[in-house]
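For reference, the chains in residue letters:
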Amino acid sequence: MASPTEDLSHIPLETRSIITTESSDGIPFPASPIPHTHRTWARTFSSRPEVYLQPSTLPQITKITNLARRCRRRLVVVGSGHSPSNLTCTSSWMVNLDKYSRVLSIDPTTGICVLQSGIRLWQLSEALNKEGLALPSMGSINEQSIAGAISTGTHGSSLKHGLISEGVESLKIVLANGEEVFCSPTERSDLFRAALLSLGAIGIVTEVTFRAVKAFSLAWEQSIDSDSKLFAEWESKLWKQSEFVRVWWFPYMRRAVVWKADKVDENDLDTGVVKNYDPPTSFQDSKIGYFVYHNLLALARWFPRITPWVEWFVFGLQYGFGNGETTTTRAVQPSYKAFLLNCLYSQFVNEWAIPLAKGPEALQRLAAWLHRLQPGDEGYVEHKIPFSAEGLWVHSPVEVRVSDTTVKTSGERGNRPWLDITPEDGPALYLNATMYRPYHKDPSYNATERYYEAFEWLMRDLGGKPHWAKTFAVTPDEFASKQWYGENFHQFRKVRDEVDPLGMFVGPWQRKFLLGEPAEEKDRLALEEVGFEQKPAKEGGYVVTGHQNVVVA
Ligand SMILES: Cc1cc2nc3c(=O)[nH]c(=O)nc-3n(C[C@H](O)[C@H](O)[C@H](O)COP(=O)(O)OP(=O)(O)OC[C@H]3O[C@@H](n4cnc5c(N)ncnc54)[C@H](O)[C@@H]3O)c2cc1C
Ligand SMILES: O=C1O[C@H](CO)C(O)=C1O
């Protein structure tokens, strides 16, 4: 690494001179020599950090933290930038751990692996597979860093599993004072429960000890059928029929795809009784299907009324126009492949967790609202949503998934994140309302805002809480309210304030949703970043700009 003064000509002189003075220790300050533009996966937000850092050693991470304090800068750690909100945006210092991503050890017998926290889930899956191991459960993609997936409460879909973070045995985290500390369910468990879902507000998670499971293949099948069948089987069978079950619901067709998967017996695979095979290429996985759907979505920006027809046409080609057995697709794939979903285009996603039993009511009320059903209409239920759906057309599917965080995690065991959004006393249902942004252009006629306003109203009415990573319009008071997190929210705050009293890991997102606005400007934290301004970007989405707090208490 060349001398910081040569490399960092794009950063303010004042900061540069501190960095230079502190650089006689021989530890490189791993900053990008050129300005970096950070973009979220969906390109909904971008920002220009003052410095972009990719450390590859612990001393470098420690040095960054110490220098950020000296230079009075906020630090943001970014994984793969897959969180859809402006959570990872900053004009201050951004740290990415793609070069701090080694597997430090794997024990094939116990499944315990020790990981540098920047490792992406696809890299981890590859490394585990070589040792005959796998992740116990996964969400729809494998691009996330392990730390990023943990930090927002990422989940898959299974009643036998909770959040991805339930496999975490212990963590190491570099705190704002530059020290790396260890935490686990039995050592500093308050810190552990905060760091397990930290939204970047606690420190830099540097090392993750994770319990993997024996590698497995999944025999999966999916069929499309009427949603009334789904509701009829909800309690008795739907979510219990296989270890992994996920559903995609199509509100205009009133149909749903059920995907279910079970582990294949190891002996059957070894002896060749069962063989891995991929499913046929689906419409949306083909170049033509991808292109056709993208353009139909673009057309629907101008002619939203065609949206139900687009849904029928595209998903008919994708899953079949009939119902039931004739639409079934099957495959047997290694787990790291079977879980993956083609997420297609830039999108907004608004996802909430509600108690599982409320699922049929949620979907029936949402359908009644979207279809503007009147008493006497087939499928009518009273939706009670106090907003109009007149002239509103929305995209599909709504992703319908489950988890049960009560099986392996709890406060008593010391491994339930303080900010876990799922019920503490039973299984959770996640509803994820997707709105695509064809060619990075938002749907027209305020469709997203209107849809999400109603969707969120309904989710609240059913006792839900929003997924931390995604889009939501929630007031800070709601997060801090008794009904939502009880004491847990305050426990998180207490730990946070103790380990980061100067606000090195606080930006406008954390301020708004986790800390709440201070009574007076002088009460802001010395290192926090403030004042996000969002301006429309030429490429679509928003450019986010913030600045360091200058009012030092
Ligand atoms: C296409 C797509 C599919 C998705 N599928 C699912 C799904 O199936 N289920 C689900 O629950 N979610 C899903 N998500 C959401 C996704 O899993 C989360 O947003 C996850 O946090 C992304 O990981 P990341 O590495 O990109 O983290 P980022 O988005 O970069 O960061 C997320 C948070 O983690 C913090 N962070 C990252 N690294 C560290 C670290 N080392 N130390 C401390 N804090 C850190 C960041 O500061 C930030 O607050 C999906 C998102 C997309 C775009
Ligand atoms: O946020 C998410 O995006 C995909 C859906 O496209 C998914 O499964 C999420 O969760």
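Residues numbered from 1 in each chain as written. Chains lettered and ligands numbered in written order. Predicted model: local features only at pLDDT ≥ 70, side-chain atom pairs only at ≥ 80, totals over all residues. Heavy atoms only, no water.

Domain boundaries assigned for the protein yield domain 1 (13-98 + 488-547), domain 2 (103-215) and domain 3 (217-233 + 241-344). Look at where the C-alpha atoms of domain 1 and domain 2 centre, and you get two points 22 Å apart. With 26 residues of domain 1 at the interface, the matching set in domain 2 holds 28 residues. When the two sides are added together, the surface that domain 1 and domain 2 hide from each other amounts to roughly 2200 Å², 67% of it contributed by carbon and sulfur. On inspection of domain 1 and its partner domain 2, the count reaches one salt bridge. As a salt-bridge pair, Arg-120 and Asp-98 come within 3.1 Å of each other at their nearest N and O atoms. At the junction of domain 1 and domain 2, the tally comes to five residue pairs in polar contact (both at pLDDT 80 or more). For the side of domain 1 that touches domain 2, the secondary structure elements donating two or more residues are α3 (58-71), β4 (75-78), α16 (488-499) and α17 (508-515). Among the elements that line the side of domain 1 that touches domain 2, the one with the most residues is α3, at six residues. Residues belonging to the side of domain 1 that touches domain 2 are distributed by class as follows: 13 nonpolar, nine polar and four charged. (Domains from an automatic or database assignment. Contact = heavy atoms within 4.5 Å. Buried area = accessible area lost by both parts, 1.4 Å probe. Salt bridge = Lys/Arg side-chain N within 4 Å of Asp/Glu carboxyl O. Polar contact = N/O pair within 3.5 Å; in protein donor to acceptor, adjacent residues only side chain to side chain. Helix = DSSP H or I, 4+ residues; strand = E, 2+ residues; numbered from the N terminus. Nonpolar A, V, L, I, M, F, W, Y, C, P; charged D, E, K, R; others polar.)

Going through the model one piece at a time under the given rule, you end up with 39 salt bridges. Across the salt bridge formed by Glu-266 and Lys-214, the nearest N and O atoms sit 3.4 Å from each other. In this pair, Glu-266 is assigned in helix α8 (residues 266-270) and Lys-214 in strand β12 (residues 213-214), connecting sequence segments 52 residues apart. On the accessibility criterion, Glu-266 (43% relative accessible area) is partly exposed. When the shortest N-O distance is used, the salt bridge between Arg-401 and Glu-399 registers 3.3 Å. Each member of the pair, Arg-401 together with Glu-399, is buried. (Buried < 20%, exposed > 50% of the residue type's maximum accessible area, 1.4 Å probe, protein only.)

Counting 123 residues, the largest nonpolar core has Trp-234, Trp-239, Val-400, Leu-431, Tyr-451, Trp-468 and Leu-514 as the members making the most contacts within it. A total of seven residues in this core trace back to one element, the largest contributor, which is helix α13 (residues 447-461). Dropping the residues within four chain positions of it, Val-400 is found in contact with Trp-234, Trp-239, Arg-246, Val-247, Trp-249, Leu-363, Leu-429, Tyr-430 and Leu-431. (Core = buried A, V, L, I, M, F, W, Y, C linked by side-chain atoms within 4.5 Å.)

With that out of the way, let us pick up the confidence of the model for the protein. Summary statistics for the protein give a mean pLDDT of 96 and a share of 98% for residues scoring 70 or more. Predicted confidence for residues 1-5 stays below pLDDT 50, and this span has eleven contacts to residues more than four positions away or in other chains. With pTM at 0.97, the complex prediction returns an ipTM value of 0.99. (pLDDT = per-residue confidence, 0-100.)

In this structure, Ser-151 sits in helix α5 (residues 146-151). A relative accessible area of 13% means that Ser-151 is categorised as buried. Through-space distance from the C-alpha of Ser-151 to that of Ala-201 is 9.4 Å; in sequence the pair is 50 residues apart. Discounting chain neighbours no more than four positions away, the residues touching Ser-151 are Leu-196, Leu-197, Ser-198 and Leu-199.

This part is about α13. Between its terminal C-alpha atoms α13 stretches 21 Å, which fits the 21 Å expected from 15 residues at 1.5 Å a residue. Within α13, the full set of buried residues consists of Ala-447, Thr-448, Tyr-451, Tyr-452, Ala-454, Phe-455, Glu-456, Leu-458 and Met-459. For α13, the secondary structure elements touched by its buried residues are β17 (347-355), α12 (359-370), β18 (398-403) and β19 (428-436). One or two residues past the end of α13 sits Gly-463, with phi positive at roughly 80 degrees. (Expected span 1.5 Å × (residues − 1).)

Residues in close proximity to ligand 1 total 34 residues, the closest being Val-77, Gly-79, Ser-80, Ser-83 and Gly-148. For ligand 1, whose accessible area on its own is 960 Å², the fraction buried by protein is 97%. Of all the secondary-structure elements, those providing two or more residues to the shell around ligand 1 are β4, α5 and β11 (204-211). The greatest single-element share of the shell around ligand 1, amounting to four residues, is contributed by α5. Split into classes, the residues belonging to the shell around ligand 1 amount to 13 nonpolar, 19 polar and two charged. For the shell around ligand 1, the two domains that each supply at least three residues are domain 1 (13-98 + 488-547) and domain 2 (103-215). (Near = heavy atom within 4 Å. Areas by Shrake-Rupley, 256 points an atom, 1.4 Å probe, with all protein chains shown as cover.)

Within the structure, ligand 2 sits among Ser-140, Cys-343, Gln-347, Val-349, Glu-399, Arg-401, Asn-432 and Lys-470. A distance of 2.6 Å separates an oxygen atom of ligand 2 from a polar side-chain atom of Gln-347. With respect to ligand 2, the side chain of Lys-470 contributes an N or O atom lying 2.5 Å from an oxygen atom. Compared with its free state, where it exposes 280 Å², ligand 2 has 82% of that area covered by protein. Elements with a contribution of two residues or more to the shell around ligand 2: β17 and β18.

We now examine the packing of α12 against α13. α13 packs onto α12 with a crossing angle of 145 degrees between their chain directions and a minimal axis gap of 11 Å. Of the two possible hands of crossing, α12 and α13 adopt the one that is right-handed. From α12, Ala-362, Arg-365, Leu-366 and Trp-369 reach across to α13, where they touch Arg-450, Tyr-451, Ala-454, Phe-455, Trp-457, Leu-458, Met-459 and Asp-461. Of the residues in the contact of α12 with α13, the class split is nine nonpolar, no polar and three charged. (Axes fitted to C-alpha atoms, helices over the stretch in contact; angles between N-to-C directions. Left-handed = near helix turned anticlockwise from the far one by under 90°.)

Moving on: the packing of aromatic side chains. On inspection of all chains with the given rule, the structure shows 30 aromatic pairs. Relative to Tyr-436, the ring of Tyr-293 has its centre 5.8 Å away and its plane inclined at 80 degrees; by these criteria the two rings are edge-to-face. Of this pair, Tyr-293 sits in helix α9 (residues 287-302) while Tyr-436 sits in strand β19, and the two are 143 residues apart along the sequence. Across this residue pair, the class does not change: Tyr-293 and Tyr-436 are buried. Ring plane angle 40 degrees and centroid distance 5.8 Å describe the contact between Tyr-485 and Phe-489, whose orientation is recorded as tilted. Note on accessibility: Tyr-485 and Phe-489 belong to one class, buried. Here the aromatic residues Trp-352, Trp-468, Phe-472, Phe-479, Trp-484, Tyr-485, Phe-489, Trp-509 and Phe-513 are joined through ring pairs into a cluster of three or more. (Phe/Tyr/Trp six-rings, centres within 6.5 Å; stacked < 30°, edge-to-face > 60°.)

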